[in-house]
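Below, each chain spelled out in residue letters.
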Amino acid sequence: MTAPVLEVENLVKHFAATRSAFGRPLTTVKAVDGVSFALKSGETLAIVGESGCGKSTVGRLVMRLIPATDGRILLDGEDVTTLDDRKFRPYRRKIQLIFQDPFASLNPRMTVGEILSEPLMLHGIVPAGERRSRVAELLHLVGLQPHQGARYPHEFSGGQRQRIVIARALAVEPKIIVCDEAVSALDVSIRAQILNLLKDLQARLGLAYIFISHDLGVVKHIADRIAVMYLGRIVETGSSDEVFADPRHPYTRALLSAIPVASPAARRERRILEGDVPSPIHPPPGCHLHPRCPYATDLCRRDRPMLEDDGTGHASACHFWRELPSAADALPREGRVDPRLERLFGAFAAGEP
Ligand SMILES: Nc1ncnc2c1ncn2[C@@H]1O[C@H](COP(=O)(O)OP(=O)(O)OP(=O)(O)O)[C@@H](O)[C@H]1O
Ligand SMILES: [Mg+2]
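Conventions we followed
Residues numbered from 1 in each chain as written. Chains lettered and ligands numbered in written order. Predicted model: local features only at pLDDT ≥ 70, side-chain atom pairs only at ≥ 80, totals over all residues. Heavy atoms only, no water. Pairing = 2+ DSSP bridges. Helix = DSSP H or I, 4+ residues; strand = E, 2+ residues; numbered from the N terminus. Contact = heavy atoms within 4.5 Å. Axes fitted to C-alpha atoms, helices over the stretch in contact; angles between N-to-C directions. Core = buried A, V, L, I, M, F, W, Y, C linked by side-chain atoms within 4.5 Å. Buried < 20%, exposed > 50% of the residue type's maximum accessible area, 1.4 Å probe, protein only. Salt bridge = Lys/Arg side-chain N within 4 Å of Asp/Glu carboxyl O. Near = heavy atom within 4 Å. Polar contact = N/O pair within 3.5 Å; in protein donor to acceptor, adjacent residues only side chain to side chain. Areas by Shrake-Rupley, 256 points an atom, 1.4 Å probe, with all protein chains shown as cover. Nonpolar A, V, L, I, M, F, W, Y, C, P; charged D, E, K, R; others polar. Right-handed = clockwise from strand over helix to strand, strands pointing away.

(A) View of the sheet that holds strand S4 (residues 70-75). Spatial strand order, S2-S1-S4-S5: four strands in an open sheet with antiparallel pairing. Pairing within the sheet leaves two strands with one partner each, and these edge strands are strand S2 (25-39) and strand S5 (78-79). Strand direction decides the pairing type here: strand S1 (residues 6-19) and S2, joined by eleven bridges, are antiparallel. Following the sheet pairing, Val-8 is matched in S2 by Phe-37. Taken strand by strand, helix H1 (residues 55-62) contacts S1, S2 and S4, and its axis lies near 115° from that of S1.

Structure representation (structure tokens):
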């Protein structure tokens with residue numbers, strides 16, 4: 001068993017939503033409410049869930065862009081949760097972030113060569129004399145030509161700009177890359193190219209990815225494991241194959257039913273949960289999903305279900321995961337849906353695949 005490169009234990013992040021005149025927090029947003037996971041080299045963990053469930057906050061916490069309210073973050077076995085900036089510096093290189101809008105994250109006044117040289121310089125990664133060749137090497141790694149280093153970001157397409165952002169992240173030789181909706185803004189064909197590039201780089205460099213996405217269709221192609229979040233908590237986790245084949249939490253089932261199907265013949269109606277995500281300022285007691293869940297009982301309204309592992313690493317936080325109808329019967333297929341789940345899902349028009 002290889003040791004994890006990243007471990008997160010009971011991570012909590014509360015934001016002050018409103019403050020008194022004296023700056024004392026009056027209400028708090030429980031953006032992340034006790035999240036744990038481990039990530040190994042060469043592995044991709046996808047974090048999925050509806051908008052506002054806390055995915056990006058988890059990413060920002062493990063990047064140490066914001067301090068945790070509680071819990072621990074271990075990088076290569078070292079507790080980095082409360083290290084000051086100076087002590088954290090050697091660890092900063094190990095974990096890099098890529099997000100949605102590559103244009104916003106590239107300085108328009110710098111050439112691509114300068115953009116890629118900067119981190120090499122800041123972190124003293126290669127001697128000055130070798131920087132040019134390292135930049136050429138980085139461009140090559142992401143499928144660009146060395147001569148393109150003389151150009152400016154606006155001279156590139158969206159997909160190429162995301163390649164540049166990836167090259168910049170790779171410049172510091174990280175072990176982990178947090179991809180926060182990294183391909184969400186790209187056209188379908190370009191998206192596939194960037195996903196393939198990420199996979200290829202992972203195989204070559206042994207990178208670990210935290211792949212944050214609301215798009216389960218994309219996640220299916222890249223994730224080894226999945227963590228499904230709802231209102232700041234992981235409600236189901238397991239290998240990607242397991243979670244897609246045998247989703248156990250009613251929330252995961254609802255999310256899966258919302259994946260658009262590529263072939264028009266097989267395209268089924270997209271469905272999502274009825275009702276809005278409750279506010280993380282006043283999350284419901286017990287199971288957070290209970291106001292939206294057709295199976296909810298008094299137990300669900302009262303007691304928080306903990307993640308229960310079946311012994312294979314597939315875990316779900318539902319009091320009744322053993323008793324629910326099998327996913328095969330519950331998921332909409334050939335127009336057949338468990339009538340109770342029918343109420344859980346609110347149908348909405350089929351979108352673009
Ligand atoms: N700096 C902040 N101050 C107050 N509340 C915040 C702050 N950052 C995030 N939140 C709140 O924390 C919750 C989780 O936000 P987060 O951005 O992590 O969600 P997300 O899952 O990434 O959503 P999306 O899919 O829309 O990107 C939301 O309710 C959000 O409003
Ligand atoms: Mg986000």
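(B) Summary view of the sheet that holds strand S3 (residues 44-48). Here we have eight strands laid out as an open sheet, ordered S6-S7-S8-S3-S9-S10-S13-S12, and mixed in their pairing. Taken across any chain shown, the strands that pair with only one partner, and hence form the sheet edges, are strand S6 (95-99) and strand S12 (308-309). Strand direction decides the pairing type here: strand S9 (residues 225-230) and strand S10 (residues 233-239), joined by six bridges, are antiparallel. From the neighbouring strand, Arg-225 faces S10, where its bridge partner is Ser-239. In the packing of helix H5 (residues 158-171) onto the sheet, the strands contacted are S6 and strand S7 (176-180), and the crossing angle to S6 comes to about 170°.

(C) Highlighting the nonpolar core. By size, the foremost hydrophobic cluster in this structure holds 62 residues, and its most contacted members are Ile-166, Leu-170 and Phe-211. In terms of nonpolar packing, the next biggest core, distinct from the first, is built from 30 residues, Leu-61, Leu-75, Ile-95 and Ala-227 among them.

(D) View of the pattern of salt bridges. Using the criterion set out here, one finds 18 salt bridges in the structure. Residues Asp-200 and Arg-204 are paired through a salt bridge, measuring 3.2 Å at the closest nitrogen-oxygen approach. Residue Asp-200 and its partner Arg-204 are both found in helix H6 (residues 188-205); the two are separated by four residues, about one turn of the helix. By relative accessible area, Asp-200 is classed as partly exposed at 33%. By relative accessible area, Arg-204 is classed as exposed at 52%.

(E) Quick look at the site of ligand 1. With respect to spatial proximity, 13 residues lie near ligand 1, and among them Ser-51, Gly-52, Lys-55, Ser-56 and Thr-57 are the closest. A distance of 3.1 Å is found between an oxygen atom of ligand 1 and a backbone nitrogen or oxygen belonging to Gly-54. One of the side-chain N or O atoms of Ser-56 is found 2.8 Å from an oxygen atom in ligand 1. Coverage of ligand 1 by the protein amounts to 64% of the 640 Å² it exposes when considered alone. Among the elements that line the shell around ligand 1, the one with the most residues is H1, at four residues. Its residues placed into classes, the shell around ligand 1 shows five nonpolar, five polar and three charged.

(F) Broad picture of the pairing of strand S8 (residues 208-213). Along S8, six of the six residues are buried, which leaves the element largely enclosed by surrounding structure. Residues of S8 alternate between two faces, with Ala-208, Ile-210 and Ile-212 on one and Tyr-209, Phe-211 and Ser-213 on the opposite face, all of them buried. In this sheet, S8 lies alongside S3 in parallel orientation, the contact comprising five bridges. Looking across to S8, one finds that Thr-44 is bridged to Tyr-209. What joins S7 to S8 is H6, and the crossover it makes is right-handed.

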